[in-house]
Every structure is written in C-alpha cells, then in structure tokens.
Amino acid sequence: MNVLEITRFAVRGLTANKMRSVLTMLGILIGVAAVILLVAVGQGSSDAIKQRIQSLGANTLTVSASFSGGFGGPAGRGGNAGGPRTQARGLTLEDARAIAASGDAPSVESVSPVVTSASATTTYEGASHNISQVVGTYPSYFEATNKPVVSGAYFTNQDVTAVRKVVVIGKTVADELFGRLDPVGKKVNIQGAAFTVVGVLKESGSTGGQDADDIAVAPLPAVQQSLTGYGSLGGIVVQATSAETTDAAEAEITAILDQRHEITGSASADYRILNQASLQETVTEATGTFTVLLAAVAAISLLVGGIGITNIMLVTVTERTREIGIRKAIGAPRGAILGQFLIEATLLSLVGGLLGVGVAVAGSQFTIAGVQPVIVPQSIVLALGVSVAIGLFFGSYPANRAAKLRPIEALRFE
C-alpha cells in the first residue's frame, strides 16, 4: 500500500466517528489557542510598557525627591539602622542649575526643572475641561521627553525669563476646548490665570490607562506664579548626551546632589534617579520571563490534548481490532497498519492546531485584561510544531499496539 492509500484509510477511520474526532481535536485546539494568545498577551504587555518608557526618551533620567531617609527615618545606603542620617530636603531650582552648570557632568546634555499641578480647571469661551497635568518647565523638556508639536511652536527661554504666560497643550485638551478650531494664538483660562496657546503637542495616545495627551506645558516661573507657588520642584528631567552615557550621567548627577545635600558615608539619599535605559532593560527581561511562564502554563493544555489523543486512539484500536485482523489476514503489512494510525493521530493534532491558530488570531483582535495582544509569529510555528509532535508521540503507542496484533487473535476478538 502506498502513502495515499494509507492516508485514505486514516481519513475514513476518522470520519467514521465524527463526534469523537471533533472532541479530540477540541483539546488540541484549546491548547494551541491558549499558547498563542497568552504569548500574545505577554508581548502586548511588554510593548505597552516599552512604549511608555520610550515616550520619556531612551536617554532620559528623572530625578525626584525621596524622603525615606530624612527626618530621623531609616538609615542610609548601607542599611544600618544606627548609621548616620541626613535631614531630607526637596529638590530646588538651584539643584537643577548646579547639574546644568557643573563641569563635573560632561554626560549631561540638558536639564529641565519641573513642577506639576494636577487637575487644573481650564476654560475657553464657555468650554471647560479639567487638565490632568499642568507642567511648568524649560523648553529643553520637550526634547528630553520626546514631545514634538504638530502645530505652533514650543515656548522659548525668553518666555521663561520674562515669565510669559504661554502654554503648549496636548491633543485631548485641544479637542475638549477648541474642537475643530486652531488653538494656536487663543487665550485659555487655567485656574483663573490667562495663558496664550503657542503650540499643540503630537498625539501620544493612552499608556497604562492614562491619557498622555491630557497635558499642558508652560514656562516654569509662570506655573509657579499662577498655580503651584515657589516651593520645591516636583522633579528634574535630565537628558544624557546619548543612550550609552545614561549610566555615566546618573553617576555624575549623584555626585553633585550628594555634595549639595550633604549626603556622606552610608547616609540615605533624599532623592532618587530613574534611569530610563536601565528600566527598559529590566522590564524587557521581566516581561520575557513572564511571557515564557505564560506559554509554559498554556503548554499544559497541549499535553492534556495529547493524552486525549492517546485515549481516543486506544479506544479506536480496540473497536477496530477485527478490522485490523482482517486486513492483516489478507496481506496488509505491519507498516501500513502502523502508518494508518499514526496518520490518524497526526491529522487530529494538525487540524486541531490549525483551528487553534485561527481562534487565536481572531481572539487577538480584542483587548484582553486591558492589554492589546500582539501575535508573535514564532509562537504560531512553535505551537503548530508541538501539536503535530504530540500527535506523533501520543499516537505511536496505540499505533504500535494495533500493528503488533496477530491476525488470528484479532479475528477472534469480540
């Protein structure tokens, strides 16, 4: 018998009991779909986190206040509760200027002090909107955080020096207040202070459930004068000369701030530095591990499907024992019987796997647990390959059992 004839017998055997074949393929379908979809969810989560990190710039460092070690708090960097303590202080404009002006920070490209006012009510000719975030800073902030404009322009250093009330707004703010009107040149009222719109930021989209376009950026002194007052800074955004020099820039900033804040020995720093490049590397490693774990969990479904194939094929061999005996009695070779049952098992797993791929691709079009899945082509190839391998592996025992039956014993079987 040739391969075509053996395959025809295998297909006939599968179609003889359609419901059983469908239920067997369902186990493989669920396993393959689960593997592909869970890997897609892991990849989607990774991409979303990376996008959010990259939106701040790959060579950006963010310095923020940390009061955990001050005012008699826990001891410092060495973890010694009885070690020296330093009185914590907030970040100041002088700290930012010291980093920018110091010759000890050659890896620093720009420094942008930042203050933030949350949920500021903004109006324009009867239209009202609560902006999630009003940022006061310097013009270098836009490049450091990767925030280009699509219309108008940034404010300038002269606007900062002159304390001009000008503002660059995000797309959400522009849509809510102006609709289809061009916002550039219009005056808006932010918490009772009149600001002139000079630019509109390029749309960033939502990341992590937050609308990154619901923002307004204005000169630091204008925001301090009208909204936040002249207290400590909310943070300092530092742009390194390149992504490769972020670690060097972090070390230089640490040395400058330690000196200014009188942090010595094992005393705890009253600030922290977020390194975007290091964070992205850490997130990539963590999400990679997370995706592998998800795929491993889903692979259990494939294993269960394989066990199902074994059970079904054993039942099939038992039911068709007399048929096998007749075929062997009229001259069917052992290889033909073995090949038929192996092909049946492989077809079950292959068809179930292909259906699982279809289900996974369709499911990836929907948001799952707040994440937009991203199909990884390698996961499709791997899941299909594993499903076929499972069919061969778990179908080999029933196939061997059928091939080894002696014709006389098979014909006597009731």
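An account of the accompanying structure is given in this report. (Residues numbered from 1 in each chain as written. Predicted model: local features only at pLDDT ≥ 70, side-chain atom pairs only at ≥ 80, totals over all residues. Heavy atoms only, no water.)

Remarks on the packing of helix α11 (residues 334-363) against helix α12 (residues 377-403)
Helix-helix packing is characterised by the crossing angle of the two axes and by the distance between the axes.
Right, so step 1: Where α11 contacts α12, the axes come no closer than 7 Å and their chain directions differ by 150°. Regarding the angle of α11 to α12, the classification is roughly antiparallel. In this structure, α11 crosses over α12, and the sense of that crossing is right-handed. Counted together, Arg 334, Ile 337, Leu 338, Phe 341, Leu 342, Ala 345, Thr 346, Ser 349, Leu 350, Gly 353, Leu 354 and Val 357 of α11 and Ile 380, Leu 384, Ser 387, Val 388, Gly 391, Leu 392, Gly 395, Ser 396, Ala 399, Asn 400, Ala 402 and Ala 403 of α12 form the full contact between these two elements.
Right, so step 2: Residues of the contact of α11 with α12, tallied by class, amount to 15 nonpolar, eight polar and one charged. (Axes fitted to C-alpha atoms, helices over the stretch in contact; angles between N-to-C directions. Helix = DSSP H or I, 4+ residues; strand = E, 2+ residues; numbered from the N terminus. Parallel < 35°, antiparallel > 145°, perpendicular 65-115°, else oblique. Left-handed = near helix turned anticlockwise from the far one by under 90°. Contact = heavy atoms within 4.5 Å. Nonpolar A, V, L, I, M, F, W, Y, C, P; charged D, E, K, R; others polar.)

Some remarks on empty space enclosed by the protein
Right, so step 1: Enumeration according to the criterion identifies one cavity of 30 Å³ or more in this entry.
Right, so step 2: In this model, the largest cavity occupies a volume close to 40 Å³.
Right, so step 3: The wall of the largest cavity is formed by Lys 147, Leu 201, Lys 202, Ser 204, Ala 212, Asp 213 and Ile 215.
Right, so step 4: Class assignment of the residues belonging to the lining of the largest cavity gives a composition of three nonpolar, one polar and three charged. (1 Å grid on protein atoms, 1.4 Å probe; cavity = no way out; pocket = protein on both sides within 12 Å on 5 of 7 lines; lining within 4 Å. Points joined across faces, edges and corners; volume = space filled by probe spheres on them.)

Focus: the pattern of salt bridges
Right, so step 1: In total, this model carries three salt bridges according to the counting rule given.
Right, so step 2: A salt bridge links Arg 260 to Asp 95; the shortest N-O distance between them is 2.6 Å. Of the two residues, Arg 260 is situated in helix α8 (residues 246-260) and Asp 95 in helix α3 (residues 93-101); the sequence distance between them amounts to 165 residues.
Right, so step 3: Judged by its relative accessible area of 1%, Asp 95 falls in the buried class.
Right, so step 4: Asp 159 is paired through a salt bridge with Arg 164; the nearest N and O atoms lie 2.8 Å apart. (Salt bridge = Lys/Arg side-chain N within 4 Å of Asp/Glu carboxyl O. Buried < 20%, exposed > 50% of the residue type's maximum accessible area, 1.4 Å probe, protein only.)

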